[in-house]
Amino acid sequence: MRQRFFFLFVLAAVLVSCSGDKVKYRIGISQCSNDIWRDKQNAELRMGTYFHDNVELKFAAAYDSDERQVEQIDSLVNNGIDLLIVAPNQVQTISPAIDRAYDKGIPVIVFERKTNSQKYTAFISADNYEMGRVMGEYIVSRLHGQGTVLEVKGLEGSSPAIERHNGFMDAVNKAPGIEVVASLQGDWTEPTAYETTQQWLANNKDVHVDLVFGANDRTAMGARNALGKDVLYCGIDGLPSENGGIQLVRDSLLDASYIYPTHGDQIIDLAIRILDGKPYDKETMLMSALVTRDNAKVLLMENEEIMRQTVQLDSLHKKADTYQHKLDTQRIINWLALGIIVLLVVVFVLFYLYHLRKIALQRERVVNTLWNLKPEEVPVASEPTATSDESDSSEASDNTYDNEPVAVSHFIASFKEVIEARLEDSNVSVEDLAADMNLSRVQLYRKVKAVTGSSPVELLRTARLNRAYQLLLTTDKSVSEVAYAVGFTAPSYFTKCFKEEYGMVPGDVRK
Ligand code: FRU
């Protein structure tokens with residue numbers, strides 16, 4: 001039972017020590033959408049954690065639904081996060097959920113899309129107004145200040161849609177030769193842009209369009225699917241990935257795009273700075289740049305190099321991860337081995353103690369039995385030399401008695417006889433008893449102790465008390481008389497010893 005408990009204790013200690021690298025920070029990420037721009041950013045967010053220990057990311061994607069995003073933010077917060085990173089779908093609708101998180105003391109990083117509240121810890125984004133404005137200026141110059149432009153906006157109520165539109169309008173309004181024939185409402189997705197443009201086209205067959213400005217590249221491509229290749233298309237996002245804006249520009253499907261930086265790793269760095277209590281910028285503006293046919297190829301080449309290094313970094317991380325796992329496993333094995341060794345040692349010690357106790361009990365039983373035999377009942381020894389051999393004063397001689405029961409019996413029987421002959425004598429000493437046994441005091445002590453586990457004085461006292469018990473039972477002698485008869489000089493001391501031995505006072509024997 002005790003052993004099983006100990007084993008459980010060792011196991012628990014091992015498990016506790018192995019649970020080792022505890023998560024330090026849980027970061028919730030609430031993405032408003034799910035698309036190639038978000039995919040790239042999520043990958044960067046994950047990679048950002050490679051450089052920080054014990055950071056766990058919990059992702060939630062709302063697929064452009066306000067209700068879903070509100071629910072997801074609340075659930076992230078309720079499940080326990082240390083920091084929230086959020087791209088709010090629309091300015092108005094998501095703010096209350098973000099405020100709730102902030103009011104609970106959770107730091108909030110709003111990125112890329114804004115809220116209408118001041119309850120956030122930091123904001124990180126590129127400048128959407130500036131991007132719209134620069135794109136507007138590009139469009140004016142691309143059309144040499146003369147032409148018609150159709151705008152397809154981003155999701156109504158989302159801050160980048162509003163700001164890009166404002167920047168674009170401010171730029172084109174400065175060019176009197178440019179006419180914006182319509183500003184259609186999109187929602188960042190290609191299918192919606194396609195349908196809206198189709199509908200507009202159906203009602204405006206006679207309106208000529210030179211160029212379409214889509215609020216993002218997907219929107220521009222949706223409009224292209226509706227209007228065809230004879231129109232110029234400009235978008236925003238400029239992703240370097242397959243079918244991303246840079247490739248579309250290089251392949252002349254888009255005329256221009258604008259890099260809308262994702263920078264997930266930078267967002268994680270900001271989060272960790274906040275969590276570590278280090279200084280950080282409350283507002284971070286990310287750099288971005290126009291993508292045209294002039295620089296698209298170079299940008300793609302550069303991106304290829306970045307991707308190559310990213311793949312290497314990723315595989316390095318995986319290797320480090322595998323190595324870490326191996327180390328963890330090794331640590332568990334080491335702890336288990338140590339636990340087993342400790343367990344074995346404890347089992348061995350317990351077994352040894354148990355064995356010693358068993359031997360002691362056995363010896364006690366043997367001695368008790370022999371002590372109660374009459375001399376004629378003691379077994380006859382073939383060589384009864386052990387009791388009288390004066391040279392037997394060493395450890396070896398003690399063992400002799402352990403190993404030779406017959407010799408032991410005789411020794412005990414002789415000693416019992418000597419004691420019984422002398423126990424009435426209150427002046428008898430251990431030296432006297434030893435002399436009667438033809439031994440020195442030390443020899444007697446060693447032999448008696450080795451054989452019986454008790455000292456000669458203890459045995460003398462036990463014999464006196466045994467005799468007293470008999471006298472109390474079989475005679476009418478008073479307690480004091482009995483005490484004197486068995487060699488005690490003080491009846492009160494006799495009573496004390498008697499009580500220790502039998503758990504009752506001498507008077508009780510008669511009752
Ligand atoms: C990605 C995206 C981008 C766009 C941005 C605006 O989800 O739609 O295409 O530039 O969000 O917030």
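This text gives an overview of the structure that appears in the document. (Residues numbered from 1 in each chain as written. Predicted model: local features only at pLDDT ≥ 70, side-chain atom pairs only at ≥ 80, totals over all residues. Heavy atoms only, no water.)

The next subject is the pattern of salt bridges. Scanning all chains against the criterion turns up 24 salt bridges. Close ionic contact of R113 with E112 constitutes a salt bridge, the shortest N to O distance being 3.6 Å. As far as the burial class goes, R113 and E112 line up, both buried. The shortest N-O distance in the salt bridge between R331 and D328 comes to 3.6 Å. Of the two residues, R331 and D328 are both situated in helix α11 (residues 296-371); the distance of three residues between them amounts to about one turn of the helix. On the basis of relative accessibility, which here comes to 23%, the residue D328 falls in the partly exposed class. A single salt-bridge network, built from bridges that share partners, covers R38, E112 and R113. (Salt bridge = Lys/Arg side-chain N within 4 Å of Asp/Glu carboxyl O. Buried < 20%, exposed > 50% of the residue type's maximum accessible area, 1.4 Å probe, protein only. Helix = DSSP H or I, 4+ residues; strand = E, 2+ residues; numbered from the N terminus.)

Of the two faces of strand β8 (residues 211-214), the one carrying L211 and F213 and the one carrying V212 and G214 are both buried. Two strands pair when backbone bridges link them, and strand β6 (residues 147-152) and β8 are joined in this way by four bridges, in the parallel orientation. Within the sheet, the bridge partner assigned to V152 lies in β8 and is G214. By the bridge criterion, three bridges tie β8 to strand β9 (residues 232-234) in an arrangement that is parallel. For L211, the partnering residue across the bridge sits in β9 and is L232. (Pairing = 2+ DSSP bridges.)

A few words now on the site of the ligand. Near the ligand, the surroundings consist of 13 residues, among which D35, R38, E112, R113 and D237 are the closest. In the environment of the ligand, an oxygen atom lies 2.9 Å from a nitrogen or oxygen atom belonging to the side chain of R218. Between the ligand and D237 there is a distance of 2.5 Å, counted from an oxygen atom to a side-chain nitrogen or oxygen. When the ligand is considered free in solution it has 310 Å² of accessible area, and contact with the protein chains removes 100% of it. Taken atom by atom, the bulk of the ligand overlaps the largest cavity. At the level of secondary structure, the elements contributing two or more residues to the shell around the ligand comprise α2 (36-49) and α6 (159-172). Broken down by class, the residue content of the shell around the ligand amounts to four nonpolar, two polar and seven charged. (Near = heavy atom within 4 Å. Polar contact = N/O pair within 3.5 Å; in protein donor to acceptor, adjacent residues only side chain to side chain. Areas by Shrake-Rupley, 256 points an atom, 1.4 Å probe, with all protein chains shown as cover. 1 Å grid on protein atoms, 1.4 Å probe; cavity = no way out; pocket = protein on both sides within 12 Å on 5 of 7 lines; lining within 4 Å. Sits in = over half its atoms within 2 Å of the grid points. Nonpolar A, V, L, I, M, F, W, Y, C, P; charged D, E, K, R; others polar.)

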